[in-house]
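# Overview (structure and organization)
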Amino acid sequence: MTHNDASTTSVQRSAGTDNEPDFGPNTLLKVRNLSTRFFTDEGQVNAVESLDFEVKEGEVFGIVGESGSGKSVTGLSILDLIESPGRITDGEIWFRNRSLADEFNEQQSQAVRDEFVNLLELPESVHRSLRGNSFSMIFQDPMSSFDPTSTVGEQIAEAVEVQQRTSSNPRSARSRTQGYGFKSMVLGSILPSKSFVTEPSMERAIELLELVGIPDPKKRAQEYPHQFSGGMLQRAMIAQALAGEPDLLIADEPTTALDVTIQAQILSLLSDIQEERGMSVILITHNLGVVARVADRLGVMYAGEIAERGTLKEIFENHTHPYTAGLLGSIPEIDEAERLRPIPGNVPSLLDHEMGDRCYFADRCPKAMEECMEKPPEYEINDDHRVRCYLANREFDEDRSIRDHFDGEGGEPS
Amino acid sequence: MSSDTLVSVEDLEKHFDPEDSFLDKLLNLETPPVQAVDGVSFDIKRGETFGLVGESGCGKSTIGKTILRLLEPTGGATYFEDENIYEMDKSELNTLRQDIQIVFQDPFSSLNPRLTVGEIVREPLDIHDIGTKAERREKVVAMLERVGLSEDQIDRYPREFSGGQRQRICIARALVLEPEFILLDEPVSALDVSVQAQVLNLLDDLQKEFGLTYLFIAHDLGVVRYICDRVAVMYLGRLVEIGPTDMIFDDPQHPYTRALLESIPRADLQEQHRTIEGVSGDVPSPRNPPNGCRFHTRCRDVIQPPDFEFEQETWQNLVTLQHRLETNPRSLSEYTIDEDTSDKETIARHASRIREVFGLPTLNSDAESVINKAAHLAVQGNFSEAHQTLNNAFTTICRTRDPSGIDIGEDREVACFLCYDEPPSIPKTPDASTENDND
Ligand SMILES: Nc1ncnc2c1ncn2[C@@H]1O[C@H](COP(=O)(O)OP(=O)(O)O)[C@@H](O)[C@H]1O
Ligand code: SF4
Ligand code: SF4
Ligand SMILES: [Mg+2]
């Protein structure tokens, strides 16, 4: 049931995906068949597995799932921030960007379709130069994303400058500016030398700090990250991410480290800014309340795949996948106190040799049936709703249950 | 103390003295102590789960550690079965350490990686020298099985287990001495939701089976609602509200409790239509907490001075400005003018800027001239006089007196003047405010 040979890993294309991408009129980003793997000492980790999804212009797409389900790796893959021992091993990431499409139409036509470019086929320097400008990312832990040795104002001003250099002279700036300034935001690594920041970009930085609701922005701009509270620093990180006026913001657990009252402030800030700018957001979180508050559509991730996706309404009220049901049944809600219905067992390791060919959720699924020993394709329930589970087109049949098979495997009792 | 009370905390105080740096000492600068816990009282009944909630840094864990005497208090008492634990001698403490146990948030760092699971769970039995070797093993196995692990896992090491399983090991270790009372400090916060639910259900079952009493510390209010019988809500080292869980959640009385509950995002389709007012700003520093009601600088309902009728929002903004002038006037320096400027127009322009920033529109009342005067003083850098001007004119009970918790019936207590039948009068000299009022 297990197989170690990476080259034979079966790629089950979802129903309806053929080789040509088709873009809707509002598509901003289309991820197709994306696989990202880590080649570790313990083995090959399939962090993201043949992932497909689309983000429309001006929408908030939520990605929910438990830790280790591949949410962050998905975000990092889009930004080309996967580091060794990790690698994107397969897939396409189509991004709407007219000027790049024009620029590469001739030299690299396979990387271009209409107004879209496939980021994975562009030269790496071009892909990276889009960071901060076309898309930007904010992280769970703002403290480690800022350079402790320069002021918050300087770091935001730096992001402003990167953006200006790139947009005034896109080609020549690329080689010099790749990841510059952003690197400190992304990895918390200390820049080799303090950069010189011009007055106009510092002014812009102060404006941005004001925009994200930081009182006394002028004075706060001169302070260092450790002088900020967690909530204020998260606001500063949002300011930094907005410096380049990105079309797409990837927010990875942006409120997880914050207290609820501050979380509420940050969420309303994010959705105000998103609406004002018509920006698209990928909101990554484990918290279903957070997606309910701000997302338009969402994908539920499990073991590197999107198990179920759809509008909020479809997912909350009309879910088919037992994992979605389990996730919703496990959250203690503040409005009622019914007995929780936990999902038995543990979040899987994603090690390739432990994954098998079956439905990845089968070992924890209360409705696992004989057919689930083979991986289910993705079924379309309606235009707004798709699911990777056999229950999309059949009822659970007790007679075909294989629960006993897994319980006998020494699964953890609940 | 009634006989069904197991733990009684009375006026507990824990202030942490700062470790002044060399430079501070040289310059004779004294940092005020952190008032982590400042006059907290509550009782925990036998067999109940008592929840302690509040945002990070409000003092929850300090209370937990102090009532287990892992920290010495700077004031007050904790009674365990009528004995003040701070007056216990060595042998009494030794017995106490068997009756009370603790489970921490992080199941990764709280287990010794060099010991096997069996050794970890057996350790308390070894320390307290309970039973023969065979009896100990039997007990350990029984406990492991009870928490959902199996005998054949007894010789494995913590790193071989997932987060949820490790938390089960911590629980087994806490239970093996058959304690009466367990302090659970954020026991499920580090776990994934699906696993968190397993552990919560386990805790619930164990409580019934062994007749345990829990003190459950958490910041996740959903979890608290699920598992607690009664709840105390904390803000900046004080309790603001105590009561039965359902009542606190369905009918919160303290403005902070309301704001906290309102801030939680619900996994519900109607969520995007729900208005959240929440609370603005950050929690003030526990080194220098606000006078009077500690929540007054962020309270939406902060009570107005008797002779004025502001829009509530304007009044709240005025309170914010007052607080800033008092605690951090230098942060206002970007609105001040050069010392030698005497140009009236410039001063007036800056004054209206500061009013705009703080949301203080022109008013048709006696208040107008006071606010205007204060704004002028502030832009001229005369912060303390600006502060005095506002303080003399606008005194709110919420800043001048400290609300002690009052009984509002149905086993509930709230520390807010809005819940008083008759609020106490405002003291004559507004700055007699620092004196506390909570006995
Ligand atoms: N730098 C890395 N090296 C090895 N494995 C990694 C690395 N980063 C992530 N992974 C693995 O990829 C999987 C998905 O992780 P991640 O995307 O962080 O999940 P999530 O964000 O949903 O919690 C996990 O099994 C994780 O251990
Ligand atoms: S495919 Fe089968 S095992 Fe997988 S989630 Fe659906 S019912 Fe459960
Ligand atoms: S006492 Fe005053 S400031 Fe404190 S909570 Fe009540 S109304 Fe608000
Ligand atoms: Mg993550």
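Residues numbered from 1 in each chain as written. Chains lettered and ligands numbered in written order. Predicted model: local features only at pLDDT ≥ 70, side-chain atom pairs only at ≥ 80, totals over all residues. Heavy atoms only, no water.

## Concerning the confidence of the model for chain B
Residues and elements named next belong to chain B. With 94% of its residues at a pLDDT of at least 70, chain B reaches an overall mean of 88. Ranking the elements of chain B by mean pLDDT puts helix H1 (residues 22–26) last, at 66, and strand S10 (residues 238–244) first, at 97. pLDDT under 50 marks residues 430–439. Its contacts with residues more than four places away, or in other chains, come to 18 contacts. We note a pTM of 0.85 for the whole complex and an ipTM of 0.82 for its interfaces. (pLDDT = per-residue confidence, 0-100. Helix = DSSP H or I, 4+ residues; strand = E, 2+ residues; numbered from the N terminus. Contact = heavy atoms within 4.5 Å.)

## Considering the packing of helix H11 (residues 312–327) of chain B against helix H14 (residues 383–393) of chain B
Angle between the axes and distance between the axes are the two parameters that describe a pair of packed helices. Residues and elements named next belong to chain B. Where H11 contacts H14, the two axes come as close as 9 Å, and the packing angle between them is 140 degrees. One element, H11, and the other, H14, form an angle in the oblique class. Relative to H14, the crossing made by H11 is left-handed. Residues Leu318, Leu321, Gln322, Leu325 and Glu326 of H11 form the contact with H14, whose participating residues are Phe383, Ala386, His387, Leu390 and Asn391. Taken together, the residues that form the contact of H11 with H14 break down as six nonpolar, three polar and one charged. (Axes fitted to C-alpha atoms, helices over the stretch in contact; angles between N-to-C directions. Parallel < 35°, antiparallel > 145°, perpendicular 65-115°, else oblique. Left-handed = near helix turned anticlockwise from the far one by under 90°. Nonpolar A, V, L, I, M, F, W, Y, C, P; charged D, E, K, R; others polar.)

## Re the pairing of strand S11 (residues 406–409) of chain B
All names here are of chain B. Judged from the three bridges that link them, S11 and strand S12 (residues 412–414) form a sheet pairing that is antiparallel. From the neighbouring strand, Asp407 faces S12, where its bridge partner is Glu413. Linking two consecutive strands that pair antiparallel, namely S11 and S12, is a turn of two residues; a positive phi of about 55 degrees is found at Glu410 within it. (Pairing = 2+ DSSP bridges.)

## Points about the domain arrangement of chain A
All names here are of chain A. Under the domain assignment, chain A is made up of domain 1 (28–302) and domain 2 (305–338 + 353–406). In this complex, domain 1 contributes 19 residues to the contact, which on the side of domain 2 involves 20 residues. Arg364 serves as the salt-bridge partner of Glu66, at 3.9 Å between the closest nitrogen and oxygen. There are eight residue pairs in polar contact (both at pLDDT 80 or more) connecting domain 1 and domain 2. Of the residues forming the side of domain 1 that touches domain 2, the biggest block, six residues, is contributed by strand S10 (residues 297–302). In terms of residue class, the side of domain 1 that touches domain 2 is made up of 10 nonpolar, three polar and six charged. (Domains from an automatic or database assignment. Salt bridge = Lys/Arg side-chain N within 4 Å of Asp/Glu carboxyl O. Polar contact = N/O pair within 3.5 Å; in protein donor to acceptor, adjacent residues only side chain to side chain.)

## Digging into the site of ligand 2
Near ligand 2, the surroundings consist of 13 residues, among which A:His321, A:Cys359, A:Cys365, A:Cys372 and A:Cys389 are the closest. Of the residues in the shell around ligand 2, the class split is 11 nonpolar, one polar and one charged. (Near = heavy atom within 4 Å.)

## Some details on the site of ligand 1
Residues and elements named next belong to chain A. Of all residues adjacent to ligand 1, which total 14 residues, the nearest are Gly68, Gly70, Lys71, Ser72 and Val73. Between an oxygen atom of ligand 1 and a main-chain N or O atom of Gly68, the distance comes to 2.6 Å. One nitrogen or oxygen atom from the main chain of Ser69 is found 3.1 Å from an oxygen atom belonging to ligand 1. Burial of ligand 1 by the surrounding chains reaches 65%, relative to a free accessible area of 560 Å². Listed by contribution, the elements that provide at least two residues to the shell around ligand 1 are strand S1 (27–40), strand S2 (43–56) and helix H1 (71–78). Here the element with the most residues in the shell around ligand 1 is H1; it accounts for three residues. Looking at the shell around ligand 1 residue by residue, the class counts come to five nonpolar, seven polar and two charged. (Areas by Shrake-Rupley, 256 points an atom, 1.4 Å probe, with all protein chains shown as cover.)

## Re the sheet that holds strand S5 (residues 112–113) of chain A
Sheet strands associate in pairs through backbone hydrogen bonding, adopting either a parallel or an antiparallel arrangement. Residue and element names in this part refer to chain A. Strand order in the open sheet formed by five strands is S2-S1-S4-S6-S5, with antiparallel pairing between adjacent strands. This sheet does not close on itself; its edge strands, each paired only once, are S2 and S5. For S5 and strand S6 (residues 116–118), the ladder comprises two bridges, and the chain directions are antiparallel. By the bridge assignment, Val112 is partnered in S6 with Val117.

## Some thoughts on the interface of chain A and chain B
Contact residues are listed per partner, giving 50 residues for chain A and 46 residues for chain B. Here chain A packs against chain B, burying approximately 4,100 Å² in sum over the two surfaces, 53% of which is carbon and sulfur. Broken down residue by residue, the surface that chain A buries against chain B is led by A:Arg293, A:Ile334 and A:Arg339, which jointly contribute 18%. Linking chain A with chain B are one salt bridge, by the criterion used here. For B:Glu271, the salt bridge identified is with A:Arg293, shortest N-O distance 3.1 Å. Our enumeration of links across chain A and chain B arrives at 16 residue pairs in polar contact (both at pLDDT 80 or more). Here the element with the most residues in the side of chain A that touches chain B is helix H12 (residues 288–294) of chain A; it accounts for seven residues. For the side of chain A that touches chain B, a count of residues per class yields 25 nonpolar, 10 polar and 15 charged. (Buried area = accessible area lost by both parts, 1.4 Å probe.)

## Brief notes about the nonpolar core
A:Leu29, A:Phe53 and A:Ile282 are the most contacted members of the largest nonpolar core, which totals 116 residues. The element that contributes the greatest number of residues to this core is helix H10 (residues 230–242) of chain A, accounting for eight residues. Here this core spans two domains, since at least three of its residues come from each of domain 1 (28–302) and domain 2 (305–338 + 353–406) of chain A. Leaving out residues up to four positions away in the same chain, A:Phe53 has contacts with A:Leu29, A:Lys30, A:Val31, A:Phe61, A:Ile63, A:Thr74, A:Ile78, A:Ile282, A:Ile306 and A:Arg309. Counting residues in each nonpolar core, the second largest holds 97 residues, with B:Leu115, B:Tyr214, B:Leu318 and B:Tyr420 among its members. (Core = buried A, V, L, I, M, F, W, Y, C linked by side-chain atoms within 4.5 Å. Buried < 20%, exposed > 50% of the residue type's maximum accessible area, 1.4 Å probe, protein only.)

## Considerations on the sheet that holds strand S7 (residues 181–185) of chain B
Residue and element names in this part refer to chain B. With mixed pairing, eight strands are arranged side by side in an open sheet as S6-S7-S8-S3-S9-S10-S12-S11. Pairing within the sheet leaves two strands with one partner each, and these edge strands are strand S6 (100–103) and S11. Direction aside, neighbouring strands of the sheet carry axes that sit 20 degrees apart on average. Pairing of S7 with strand S8 (residues 213–218), which is carried by five bridges, proceeds in the parallel orientation. Across the sheet, the residue bridging to Leu183 is Leu215, located in S8. Its contacts with the sheet put helix H7 (residues 193–210) on strand S3 (49–53), S7 and S8, and the angle it makes with S8 is roughly 160 degrees.

## Observations concerning the environment of A:Gly329
All names here are of chain A. Mapped onto the elements of the fold, Gly329 is located in helix H14 (residues 322–330). Residue class for Gly329 comes out buried when judged on its relative accessible area of 7%. Considering only alpha carbons, one finds Gly329 and Asp22, 307 residues apart in sequence, at a separation of 36 Å. Those residues in contact with Gly329 that lie beyond four places of it in its chain are Leu340 and Arg341.

## Some remarks on unusual backbone geometry
All names here are of chain A. Cis geometry marks the peptide bond from Ser84 to Pro85; its omega dihedral reads 10 degrees. Within the secondary structure, Pro85 is located in the loop between H1 and strand S4 (86–96). Phi angles above zero are rare outside glycine, and Ser50 is one such case at about 45 degrees. Mapped onto the fold, Ser50 is located in strand S2. Phi is positive for Ala303, close to 50 degrees, though the residue is something other than glycine.

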